[in-house]
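Structure at a glance
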Number of protein chains: 2
Amino acid sequence: MDTTEEHQKAVRAVLDAALAEGRTALTAPEGKTITDAYAIPTPAEGLAECADEAVALADRIGFPVALKIVSPQITHKTEAGGVRTGLRSTAEVRGAFTGIVTNARAYDPQARILGVQVQQMVPSGTEVLVGTVTDPTFGPIVAFGLGGVLVEVLKDVTFRLAPASSDDALSMLDGIRAAEILRGVRGGAAVDRDALADLVVKVSRLAADFPEIAEVDLNPVFASASGVMAADVRILLATEAPVRRRTYTREEILVSMRRLMKPASVAVIGASGEPGKIGNSVMRNLIDGGFPGEIHPVNPKADDILGRKAYKSVMDVPGQPDVAVFAIPAASVPAALEEVGRRGIPNAVLIPSGFAETGEHALQARIVAIGEEYGVRLLGPNIYGYYSTWQDLCATFCTPYDVRGGVALTSQSGGIGMAILGFARSTGTGVSAIVGLGNKSDLDEDDLLTWFGEDPNTECVAMHLEDLKDGRAFVAAARATVPKKPVVVLKAGRTAAGARAAGSHTGALAGDDAVYDDVLRQAGVIRAPGLNEMLEYARALPVLPTPRGDNVVIITGAGGSGVLLSDAVVDNGMSLMEIPPDLDRAFRAFIPPFGAAGNPVDITGGEPPATYEATIRLGLEDPRIHALVLGYWHTIVTPPMAFAELTARVVAEFRAKGVQKPVVASLAGDIEVEEACRYLFERGVVAYPYTTEKPVAALGAKYAWARAAGLL
Amino acid sequence: MDTTEEHQKAVRAVLDAALAEGRTALTAPEGKTITDAYAIPTPAEGLAECADEAVALADRIGFPVALKIVSPQITHKTEAGGVRTGLRSTAEVRGAFTGIVTNARAYDPQARILGVQVQQMVPSGTEVLVGTVTDPTFGPIVAFGLGGVLVEVLKDVTFRLAPASSDDALSMLDGIRAAEILRGVRGGAAVDRDALADLVVKVSRLAADFPEIAEVDLNPVFASASGVMAADVRILLATEAPVRRRTYTREEILVSMRRLMKPASVAVIGASGEPGKIGNSVMRNLIDGGFPGEIHPVNPKADDILGRKAYKSVMDVPGQPDVAVFAIPAASVPAALEEVGRRGIPNAVLIPSGFAETGEHALQARIVAIGEEYGVRLLGPNIYGYYSTWQDLCATFCTPYDVRGGVALTSQSGGIGMAILGFARSTGTGVSAIVGLGNKSDLDEDDLLTWFGEDPNTECVAMHLEDLKDGRAFVAAARATVPKKPVVVLKAGRTAAGARAAGSHTGALAGDDAVYDDVLRQAGVIRAPGLNEMLEYARALPVLPTPRGDNVVIITGAGGSGVLLSDAVVDNGMSLMEIPPDLDRAFRAFIPPFGAAGNPVDITGGEPPATYEATIRLGLEDPRIHALVLGYWHTIVTPPMAFAELTARVVAEFRAKGVQKPVVASLAGDIEVEEACRYLFERGVVAYPYTTEKPVAALGAKYAWARAAGLL
């Protein structure tokens, strides 16, 4: 469906007229004009100003009909006694007209009654809800769910960014818990999925085309095998336009981010020679971290700091600094930032706190304005700084970190940043960057994601966030990144999401977290359920090769682990391969007669290393198998390191031959399994002790990414 | 409601008659007799054999009425065209009678038509389903959910053991996701909760009173503000009676379990001096573990094993052995077990495999029969053995374990047993017992639970299981234990639960795991979502004091941790205390002006130990606060061990004063936080690094137990 310019004009005229009158709720006839313009199927209808007109309309439309009051002041028509349905004769229509108007007058004597809408009764079908709402983070989003009070109670609704594509819309039909209803249950016919998806697409386009539409509520829509029809249409308008901020193009972002993450020269404003000061920690970390570029301390009271020439002002710093790290009190930041702007330094890393987080909103607004004026990108304020390990750059007041690797981590909170650092050090996780975002006065997740997407050293991005400043920009950056590398998000504040005032069912159903959850999934992001999972996914994802297909096989020495691993496979959105007879026979050749082939392949507990090796080898060899989950059971016959050594060796042998399959392992045993897990992890097998859930969750995250990236 | 003997006799007569005819489905009039006997409200009705009778009945009942075919062969009445509803006149009733009978004859010419049921039309209301089904594990269970196809798709149904108490029944009304519907939404009236609960109780009693009733399906039941009425009743009978096994009284169980867990004398059948043999490992572990009682090796070919006199047969062993540990091949077990029986040894610990798990069901049945004949309780077969640490008893072929403490752990699987051992050793978890259950040919979870409930050394029980042999016995044992100590269960095989053939909606909805989940909760058991959670709960629960109320307060140095901890509090079924103004002021006195009081209490990141100490002190001091969740942020000002030391000290000080509140902590920081967490855990503060979820989940488990134990 393409909406012509003509149709758009018709909508514009309706909206302009309503807004000119200061109305935010459209009348039914106005709604009809709009739905007609977007070819949204609604019942045949007309407006009657007297009973005779109502009868004439009913005759033209055909019985049965429904009558509904039309008044800008009456939005809850049923409550006002303003609705009559199933009218089957001229006499009934005449009586209903009089009744409705009388009721409406009694309900609100002030209401301006424009007439009564005479409407074709809609063919029965499954009641669904299609609507849109303007989300404060994501802008216009489209909602879909079944209709009726039960669905409202269960909040079984799914959301996508508007405009939604046909694929988006079809995925929504499958995205509700009650999806089966639409496919037809207990002898009911399936609904026309294409017609329903088409309706979702049209409604989403309407909302996207007209930002002044705050909410659309088609509820109920009747969907059946023969098509869809929206029985009731409510459209609400917004009165305020969102605030516009300076935006940067992708190219501009990449240019400044490259200089931030790969600087040749760094100035430290507020550098200090006095231990215990932040400006001293930053200087030490830059120097001790081995940053090979220029480090220029700026301090009006010193000539030399830690053996480096100090400058009175950033204006005096030689060359072309890429980054100015701020370690001065909040009140001094604006003046220094002005100088940074005038000096042409593209990045200001604002460690100091004392801005919006302490209520100093004006001070923060001032630095944002300075940044926008000069095009200086601001990181922070209120952050620990950042690490760019491949540059040996440690521009923080924390402890240095030098294990280079493929994971870029960001956190909105400093505490979480410290947890990232400790976890990474404890597990030896290879890191490309750790970045504190703090107040996000300017640079935020989408800027970083844009850079990490291009950064060849980064193989996986993991982000802790409490909100998104611009959900659309984040989704765009995620969509550009996900086909290349996985993006893991820990969204904090899920359950704290407050109720929000809403003018429609769609609005009421769009709880903050529900929208985040659906939209992040739509963007292909892997959402970690908690901090530890975010960290573990970040550690595991770069280690695991990408699966080439859905066939997961469990090979286990412990039957008990096999059962728990099976649970975990299903819990994490994967499925166990149905083993074909020839493959079953091949596995059986290696395992005791009472062992169980099938899937899990239970090799039984008393087996020597050779049995583990033969079955793992077969799992890697057979091209129908795409991923292996290993369950190891500590015995004297196959001690933990024997298992670890053979598994790593066989996996390496196959990888050398070009067979790249993800292999994860759960090790059940005495404490020697901890060393075995470390050994395996370092060799590309994601292994954990004392848990059947973690290795499978990591594999599930890899699968989720592979699907989102279109690789499966 | 008490069902009189008379009423019971009426039901018995109906059931006997149906079973005598070889029928498992009852007719509607038979169902009516039964529901009347149990005072289950159903529409007024009667059976008409001709149209005149139907008209007379309709006149007596009052219009409108419904007509339904009555034929033992026709169970799907609607499908057969055998139902007409809303009949408002004599003429309509007459016509419907003829139509229904004609349809039924056409549908199944063989069907024996007993007549047509004339039924009062039920007053409208919320459609709900009440039913019972005989669960293979738990016996008769009662189900409750909303009616209608949507609920069936969403499987929004809850289960309890039958008979259910009034409290059980009321908890079911709140136990469905759509519970809000029953309370009245969007202007709908609330249903009569007491009447609905009463109906659930009655139906559950019916099923409990008559084991031959396999399924009851009241669907729909119409529930409204003025009462409830079951519009349709289906009752199915079972043809097979369950197999009876020898049962032991609680006293008998305790006597033999006491001798198993606190033996004075142990015989090892198949003891060996040859390293590598299981009989050698067991002997070594008993001796090296320091077991102070008698150890008697039994081996026909040896005089002496590891310095102990060996006996040719268990018959020759002196004294009163409490336990015979078997380390001989499966085939030799029956003969040796006979001797154990004749020797009067009450417990056989059957390490060997080669029984049911390898398909040798007959061999297993044989040893069960021997055990039942002599009253020898069997542990296993197919197990690693067991540990009873307070007795220095290590009757296993695994490695010894000697950290005494309050946790008793059991596992059905040997691999999981090894994971328990490794986890316990790695974390230094104090253990009272670790027991392998394997094939559970005799002793199972309920026997162990009965013992651990009484064992003064055990403060918490954690069990891994894949099934329960006797769900009712387990629930009884859990109910007796839970008021004294927490019981954690990891139920494996959740998602593998296969579809089961079902004759009713209730049956179809009773997926294995749904029933397990509800019944375990009803028994007061804490269900761990995975292996690692089971282990962590077991480690943490004995450490935490029991909360005396619901007021949880978060005190955090990192705002970011505060948000994640809040999410976790809600996720784990707790709620954040609303801080009263005076308490808020008291907290504010200690924190910077820009810190946030409220809850979380955000003391901000740069604070010294004194701020942590003052706020934690206040949290322990104020009697309105019942539990503390601490979020620590690693800074130079308050290093990890400083935080750990002050927290442990303040908590110890208050515990010494009798203030027992659970305190958990999430430590965000560099690797020094790991040592700090160990320090805290050893001192009664459940602390974890790099995770906000785990400490709160442990607190949630403690709360769940306190609620189940009736302590809150």
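Residues numbered from 1 in each chain as written. Chains lettered and ligands numbered in written order. Predicted model: local features only at pLDDT ≥ 70, side-chain atom pairs only at ≥ 80, totals over all residues. Heavy atoms only, no water.

For the rest of this paragraph, the subject is unusual backbone geometry. Put simply, Ala162 of chain A and Pro163 of chain A share a cis peptide bond, and its omega is 0°. Here Pro163 of chain A shows up in the loop between strand 7 (157-161) and helix 6 (166-175). At Tyr690 of chain A, a position not held by glycine, the phi torsion is positive, near 60°. Position of Tyr690 of chain A among the secondary structure elements: in the loop between strand 30 (686-689) and helix 24 (693-708). Tyr690 of chain A gets classed as buried once you look at its relative accessible area, which sits at 5%. One non-glycine residue with positive phi stands out, namely Lys440 of chain B, at about 50°. (Helix = DSSP H or I, 4+ residues; strand = E, 2+ residues; numbered from the N terminus. Buried < 20%, exposed > 50% of the residue type's maximum accessible area, 1.4 Å probe, protein only.)

Residues and elements named next belong to chain B. For the pair helix 14 (residues 445-454) and helix 15 (residues 471-481), interaxial distance at closest approach is 8 Å and the crossing angle is 15°. Taken together, the axes of helix 14 and helix 15 lie roughly parallel to each other. Considering the relative orientation of helix 14 and helix 15, their crossing is left-handed. Between helix 14 and helix 15, the residues in contact are Glu445, Asp446, Leu449, Thr450 and Gly453 and Ala473, Phe474, Ala477, Ala478 and Thr481, respectively. Looking at the contact of helix 14 with helix 15, its residues break down into five nonpolar, three polar and two charged. (Axes fitted to C-alpha atoms, helices over the stretch in contact; angles between N-to-C directions. Parallel < 35°, antiparallel > 145°, perpendicular 65-115°, else oblique. Left-handed = near helix turned anticlockwise from the far one by under 90°. Contact = heavy atoms within 4.5 Å. Nonpolar A, V, L, I, M, F, W, Y, C, P; charged D, E, K, R; others polar.)

Let us look at the sheet that holds strand 20 (residues 404-411) of chain A. Residue and element names in this part refer to chain A. Taken in spatial order, the seven strands of this open sheet run 19-18-21-20-22-23-24, and their pairing is mixed. At either end of the open sheet lies a strand with only one pairing partner, and these are strand 19 (393-396) and strand 24 (526-527). Pairing of strand 18 (residues 385-388) with strand 21 (residues 431-436), which is carried by three bridges, proceeds in the antiparallel orientation. Paired with Tyr387 across the strands is Ile434, a residue of strand 21. The sheet strands contacting helix 13 (residues 414-427) are strand 18, strand 20, strand 21 and strand 22 (460-465), and the helix crosses strand 20 at an angle near 160°. (Pairing = 2+ DSSP bridges.)

Moving on: the confidence of the model for chain A. Across chain A, the average pLDDT comes to 92, with 97% of residues at or above 70. In this model, residues 496-502 of chain A is a region of pLDDT below 50 whose contacts with residues beyond four sequence positions or in other chains number 13 contacts. (pLDDT = per-residue confidence, 0-100.)

Residues and elements named next belong to chain A. Its place among the elements puts Thr450 in helix 14 (residues 445-454). The exposure class assigned to Thr450 is buried, which follows from its relative accessible area of 7%. For Thr450, the contacting residues outside a window of four places in its chain are Arg250, Ile253, Leu254 and Ala477.

Moving on, we come to the relation of the copies chain B and chain A. With an RMSD of 0.1 Å, the fit of chain B onto chain A corresponds to turning through 180° and sliding 0.1 Å along the axis. Taken together, the rotation and translation describe the operation of a two-fold axis. When C-alpha positions in chain B are compared against the rotation axis, the closest is assigned to Leu150 of chain B, at 4.4 Å. When you check the interface residues of chain B against chain A, 100% turn up at the interface there too, and the contact is symmetric in its surfaces. (Least-squares fit on C-alpha atoms with pLDDT ≥ 70 in both.)

Let us look at the sheet that holds strand 1 (residues 45-48) of chain A. All names here are of chain A. Judged by pairing direction, the sheet is antiparallel, and its four strands sit side by side in the order 1-4-2-3 without closing on themselves. Unpaired on one side and paired on the other, strand 1 and strand 3 (83-87) mark the two borders of the sheet. Neighbour-to-neighbour, the strand axes of the sheet open up by a mean angle of 20°, direction not taken into account. In terms of strand pairing, strand 2 (residues 65-70) meets strand 4 (residues 115-120) through six bridges, oriented antiparallel. Opposite Ala66, over in strand 4, you have Gln119 as the bridge partner.

All names here are of chain B. The terminal C-alpha atoms of helix 19 (residues 559-571), which comprises 13 residues, lie 19 Å apart, in line with the 18 Å expected from a rise of 1.5 Å per residue. Along helix 19, the residues classified as buried are Gly560, Ser561, Gly562, Leu564, Leu565, Ser566, Asp567, Ala568 and Val569. Once helix 19 ends, the next one or two residues include Gly573, with phi positive near 75°. (Expected span 1.5 Å × (residues − 1).)

Let's shift gears to the packing of aromatic side chains. What characterises a pair of aromatic rings is the spacing of the ring centres plus the angle enclosed by the ring planes. The final tally for this structure, using the stated rule, is 14 aromatic pairs over all chains. Ring centres 6.1 Å apart and planes at 85° place the aromatic pair Tyr690 of chain A and Phe423 of chain B in the edge-to-face group. Pair noted here: Tyr690 of chain A is in the loop between strand 30 and helix 24 and Phe423 of chain B is in helix 13 (residues 414-427), and the two residues belong to different chains. One Lys or Arg, Lys491 of chain A, reaches over the ring of Tyr516 of chain A and ends 4.5 Å from the middle of that ring. Sitting over the ring of Phe654 of chain B, Lys657 of chain B keeps its end group 4.2 Å from the ring centre. (Phe/Tyr/Trp six-rings, centres within 6.5 Å; stacked < 30°, edge-to-face > 60°. Lys NZ or Arg CZ within 6 Å of the ring centre and 35° of its normal.)

On to the interface of chain B and chain A, then. In this assembly, 68 residues from chain B lie in contact with 68 residues from chain A. Between chain B and chain A, roughly 5,100 Å² of surface is buried when both sides are summed, and carbon and sulfur atoms account for 65% of that area. Counting every contact that joins chain B to chain A gives two salt bridges. Here Asp670 of chain A ties to Arg425 of chain B by a salt bridge, and the two come within 2.7 Å at their closest N and O atoms. Summed over the shared surface of chain B and chain A, the number is 17 residue pairs in polar contact (both at pLDDT 80 or more). Put simply, the parts of the chain that give the side of chain B that touches chain A at least two residues each are helix 5 (149-154), helix 7 (179-183), helix 13, strand 23 (487-491), helix 18 (531-540) and helix 19 of chain B. (Buried area = accessible area lost by both parts, 1.4 Å probe. Salt bridge = Lys/Arg side-chain N within 4 Å of Asp/Glu carboxyl O. Polar contact = N/O pair within 3.5 Å; in protein donor to acceptor, adjacent residues only side chain to side chain.)

Moving on, we get to helix 20 (residues 581-588) of chain A. All names here are of chain A. For helix 20, the complete set of buried residues consists of Leu583, Asp584 and Phe587. Summarising the axial view, the buried residues of helix 20 lie within an arc of 105°, below the 170-degree limit, and thus occupy one face. Turned more than 90 degrees away from the buried face of helix 20 sit Pro581 and Arg585, all of them exposed. Elements in contact with the buried residues of helix 20: strand 25 (551-556), strand 27 (601-602) and helix 21 (609-621). (Arc of directions from axis to C-beta.)

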